[in-house]
Every structure is written in C-alpha cells, then in structure tokens.
Amino acid sequence: MKSFIAIIALCLPLLAAAQVRPQESAAFSESDTSKVYTVAGYRHGVSFFPKVKNKHVEYEATAGIRFDKFHSAEVIYAYMKRFAETYPDLVDLYEIAKSYEGRPIIQMTLTNKKTGKPTDKPAAFFEGNRHSGEVTSAESVLWLMNHLLTNYGKDAEITRVLDRNAIYLRPINNPDGHNMYIHTAQANRSTVRPFDQDGDGLLDEDSPVDLNGDGNIVRMRYKDAKGDYVIDPRDVSGRIMKFVGAGKGDYKVVSEGIDHDGDGRTGEDGIGGLDLHRNYPENWRPMKEYTGRGWTQGGAGEYPLSETETRSVVTFLLDNPNIYVVNSMDTRVPMHLRPPSTSKSEDRMYPEDLEWYKYFDRLGNSITGYDRAGDVYYDYSNGAGMPLFGHGPDFGYFYYGAIWYGDELWDNARPKEDLNGDGEKDELDQLIWDEKENDGLGFIPWQEYDHPAFGKVEIGGWDPKFFSQNAPSKHLEPWIRNEALFNLEMVKHLPALEWKGHTVKKIKSYKTDSADYRVQITYRNAGKLPTALKQADLVKIVKPDRFDIEFTGSLSKSAEGEKPHFMVLDSTLSQPRRPRNPAMAPPTASAGKYYREAGYAGGESDNTLEFKVRVYGNGTLGVKTSLSATRAGVLEAREFAIVNE
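Residues numbered from 1 in each chain as written. Predicted model: local features only at pLDDT ≥ 70, side-chain atom pairs only at ≥ 80, totals over all residues. Heavy atoms only, no water.

A. Region of the structure containing the overall build of the protein chain. For the protein chain, the helix and strand inventory stands at 13 helices and 28 strands. Projected onto its principal axes, the C-alpha positions of the protein chain cover 110 × 55 × 55 Å. Sorting the 645 residues of the protein chain into buried and exposed places 53% on the buried side. Restricting the contact set of the protein chain to residue pairs at least 6 apart, pairs at least 24 apart contribute 73%. In the form shown here, the protein chain has an accessible surface area of approximately 28100 Å², with 50% of it arising from carbon and sulfur atoms. (Helix = DSSP H or I, 4+ residues; strand = E, 2+ residues; numbered from the N terminus. Buried < 20%, exposed > 50% of the residue type's maximum accessible area, 1.4 Å probe, protein only. Contact = heavy atoms within 4.5 Å. Areas by Shrake-Rupley, 256 points an atom, 1.4 Å probe, with all protein chains shown as cover.)

In structure tokens, the structure reads:
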C-alpha cells in the first residue's frame, strides 16, 4: 500500500498538469519546435510527452525521395505537394477532411486530365495509416505514388493506366496517430480520442512511460518470487525471456512504465484506443450491449462512422461510385485480407464475385510472397471462425459492392529459417537474423533502472515500432514495393470500354420514300473485370450500363408535318421520362433522344446493341451514341449516319 501511495505522489504533478491543459486546437508537431508533444482532448492521464527523433525516420524532405527510411507526415505532405507542382496534368492535391485533432487529411487524385475527368473513368482507392502505428502502409501508398508519376510517359503500361483510370491515394488517414507515433515514444491502436481501454471509468490514465529516456518504450523485467518468466537457458546472451507459467519463474515481464492507477498493470490504458477499422457501418456492433447475450466489438466507437477519419472514407467513396478497387492497408500479419468478416466466404458471397476475390488472392501471393490470403472470418483466424464487426472489407463488398482488401504488411520479423539448427524457428533465430541482416538494431539491450515501485529492474526487448510492428527501415522497400505492385495489378484489371464498330442494314423499303433499317453498335469491355460485381447490382450502388442515343439530321418529307422524320420500331429503345411539369423540362430536351439499359458487360467481352428504325423521306438521319457505366466510366460519343435515298 505504501508503494502505491508513493507512486500516486510521484504522478500527481503530471496528472494535475494534464487536468488543466485541455487543448483548444491541435498542436502541430510538424511545425512545433518545442521539446514537448501535446495530444488534444481531456483525459485522466498525461497528455504531453517528450519528443523523440527516431533513427528509422526522415523528418525533413530531401531533394530525391528514398525508401530506406520512414517519413514523418510533414515530409510525406511535402513530397505530395512537390508531385502536384511537378506533374500538374496528372495530379490534383486536396484536403479531404480534418482529423480529430484538426489536422488536414490530404488526398491525391492521379489521372491524365487530358483524357477526361476522373469521375468519368474506372477508379481505385488506396489508403494507408488508418491505425496509428502501422506506418508501413503509408509508405506503400507513397511508393505507388512515386512509381506511377515518375514512370508515366516512360512505361507503356503505367501510361495506359493513368490515361484510362483514376487512382485516389490517401497515404495517411490518421495523421494524429501517425504524428504521435513518429514524434514520441508512445504508440496506440488508432485514433487519439480519449478512451477507457481497461474499463475502470478513467480515460487514458495509464500511458506507458519511457523511463530511461532512450526514446523507446519496451519491456521491464524484474525478479519476483511469483514470476512467470525465466531467461531462456538456450540464449547465452541472456536477452530472450521464456514464459513458464504463473509462479514457476523468477521474473515478471511487463510494459515499461508505472502503474498510475494502482490496478496492478502498467501501461494498459494509454492515449486513445478506439479502432477505426471497427467503425464501418456494415455489421457494426456496439462496444457494450445490455442483455449480456449479444455480440459486441471492442473499440467500435459510439456509433457507425462516429470517427471523422472513417466517415471521410465512406462519404468519399459514396460520392465517387466509379471506384471499383480498394485496399485500406494495415500491418503486420502479413496477409491479403478480404471479406467476409462474420462468415465463411461461400456462405454469403455470390460465387462469381468470390471467384474474382480468390483470383486476386492468388495474384497477390504471387507478387508479395505472403503465406496467407483469404477472408477475415475464417482464414485470418487460421480456420477458427472468429468474427470481426464494423470491418472495412465487409463494408467494401456487402455495402459498396467492390473488390476491397484490408491487407497486412510486414511479418513481425517472424523467423523464416531455423538458423541455429535446433529444430525450431523462434526468437533465437530472430536474434541471429537481427544481428546478421539488421545490424543488431531490432533488440534493445537490457539496461538497469531503479523503479519507484519494483526497485531494481532491467528495461529492454524487441524494438516495438521498427522491428515488431513495422519493418526495420533497412528492409522497408521490398515490403511496400510488392504491396504497391499488387495494388497496381488490380488497377490493370479494371473494366475498359472501347467502341468496336457499327453496321446499318436496310431491311425493308416502302412504296413511299420510307425504309426500315437494322442498326447494330458493338462495344468491347477490354478489361478483365466485368463492369460491375453481382453484389454491386444487388445493393444498387451501381446503375446498369447505359446507351444514350440521339437522332439528328435533315430529311425531306412528302408533305410537311404529316409524318415524322423517323420512328424507332419494336420498343428496343426508350425515351427519357419528361418531368410532370413541362416547365421543368430541360431546354435541350428533344424527341430525338433515346436510351437503352444494357445490363453489365463481362470482362474481355464484345457486346452489341441492336435496334430498328424507320426513316421517312430522303436524306440523312444522324445517330450519336454514347455509353456510360458506373464503374467502367464513360465512353466518348460516336457518330454515324443512316442515308435514305
């Protein structure tokens, strides 16, 4: 009890300071030159931390972008601005939303502006850094951005991709969490909004502490008669700890820090804790329900899309339904991760849609070399069938009808080989790999420290940020490159509409000067994906592909006003509905305008529209036709003529 009172006394100045410093506006660490990083929001614990500069991170933009370091948000935004200035015909750069702390969430649209508007093209959306510490994903989006822009006009495939498609890139969807992770020793799951993670009624009252001031928050080990760890006897260096069970060991191993709230745990309720990847509307579940018998989901937020970062993704996608392919990336499984999140794939997905997902699973593995690909519910849990609720891939398929992945990058430095020949692939092999391939930077040596509650302790362990959660910067680029190339391959599969040709054939002549003609207009979906998934049609996120046809021209008449210029036969075409109030009809409304819904074109398929028209009088009947599809874009208008002589 005395030790607990001593701890509280030690922490009171910090707690008091936190209570009187609610932030009225965001403290932007990017431009803040102070030595303290302050997090916005009222909480029961500390809101300010020493700034650090991590050796794995680039904090100032350089002349040329490189990927042997991670980048701060300020640097990423500087490179994005530079790209916008260098490639004005390919780039639009804009703020899409503001974060919880008021930081700008910056997004880029890539497309050749000279070949059409982005909304008139099939599109993809790639997002990184939804989770605070999963900064590898931001680097993959930045790598793809650089790859596309610097190779446009040099690489034929990339040039074709940006001529035909629009690609929306959001490297950092959670700038608050990204900044805290990069500029301090702190880490959290997702948003920095104050949150009670340990259920004691207090908000963020027990953040981990960098006790020895080395810029890392790792583990503490200390002697304890009821310990559950021993130093692994196989490790002659004495670094690796082995769990042996409660009371069977001589060490306790806990997070570096202080038990601020006296609950016997250290660092269990740090900054924030809501999970932006449990905040989507599809299959959302509350964090608590009142019967005790229903499903709940930790970190889900107060309601679906309660968090501005998630909401900004969903509203952007709904405003831009031409987006067909999405990857909203995380770390560290590694895996190509897709829907569904609450059942096996075969139980809920259209078979033809599922085949496309399985195809992309295989394609992804062939590029990245990941061991795993599959659905969240079954494959992510290694067959255990564990549900996740409010998950992005479920929203992406069941609600939005798209190809949507939530891929995981990096492998937690998992041993790939039995390097010491003992028949196991474990932490000892990790140590060998770290020393051989990573300059020994992955493991932070144990250092003695006088702890106010535990006495003599040692602080050390695996680097939690740039070894366990993210790749060491030296090994970063292959991971972000391969993931980016998988995303690019999905873009190359988008539908691509092309005109193939048309035929006009006279099928009947009349004694008067009229005749009937059969018209066939053929187009091709040269892309591999159909113009819409079955699920997209089911939930009506897309409209059927549509032909718009306008008849024009001058034809002589046997008696002025007695007959029309032409007549569409056998109801193969429809006319747009006019408003009930004639005054509301658009000034361009014309009796010559027709349309035809054409369903959805399969991938790599030719498709033909056929109609019959009767032409009155000698002369030319002009035909102007265009084709539009929600997810396949707009095909430029094509004109030809029916000549009646």
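B. Structural view of the sheet that holds strand β24 (residues 566–569). If you walk across this open sheet you meet the 4 strands as β21-β22-β26-β24, and the pairing is antiparallel. Each end of this open sheet is capped by a strand with a single partner; those strands are β21 (497–509) and β24. Within this sheet the neighbouring strands show an average axis-to-axis angle of 25°, counted without direction. Sheet topology note: the β24/strand β26 (residues 605–615) ladder contains 4 bridges and is antiparallel. What sits directly across from Met 567, in β26, is Arg 614. (Pairing = 2+ DSSP bridges. Axes fitted to C-alpha atoms, helices over the stretch in contact; angles between N-to-C directions.)

C. Representation of the confidence of the model for the protein chain in the model. Of the residues in the protein chain, 91% have a pLDDT of 70 or more, and the chain-wide mean is 91. Predicted confidence is poor over residues 1–27, with pLDDT under 50, and the contacts of this stretch with residues over four places away or in other chains come to 31 contacts. In this model residues 557–561 is a low-confidence stretch, pLDDT under 50, and it forms 4 contacts with partners more than four residues away in sequence or in other chains. (pLDDT = per-residue confidence, 0-100.)

D. Representation of the environment of Thr 625 in the model. Inspection of the secondary structure assignment puts Thr 625 in strand β27 (residues 619–629). Exposure remark for Thr 625: the relative accessible area of 1% places this residue in the buried category. Separated by 14 residues in the primary sequence, Thr 625 and Glu 639 have C-alpha atoms spaced 6.4 Å apart. Setting aside its immediate chain neighbours within four residues, Thr 625 contacts Trp 499, Ile 521, Phe 547, Asp 548, Ile 549, Glu 636, Ala 637, Arg 638 and Phe 640.

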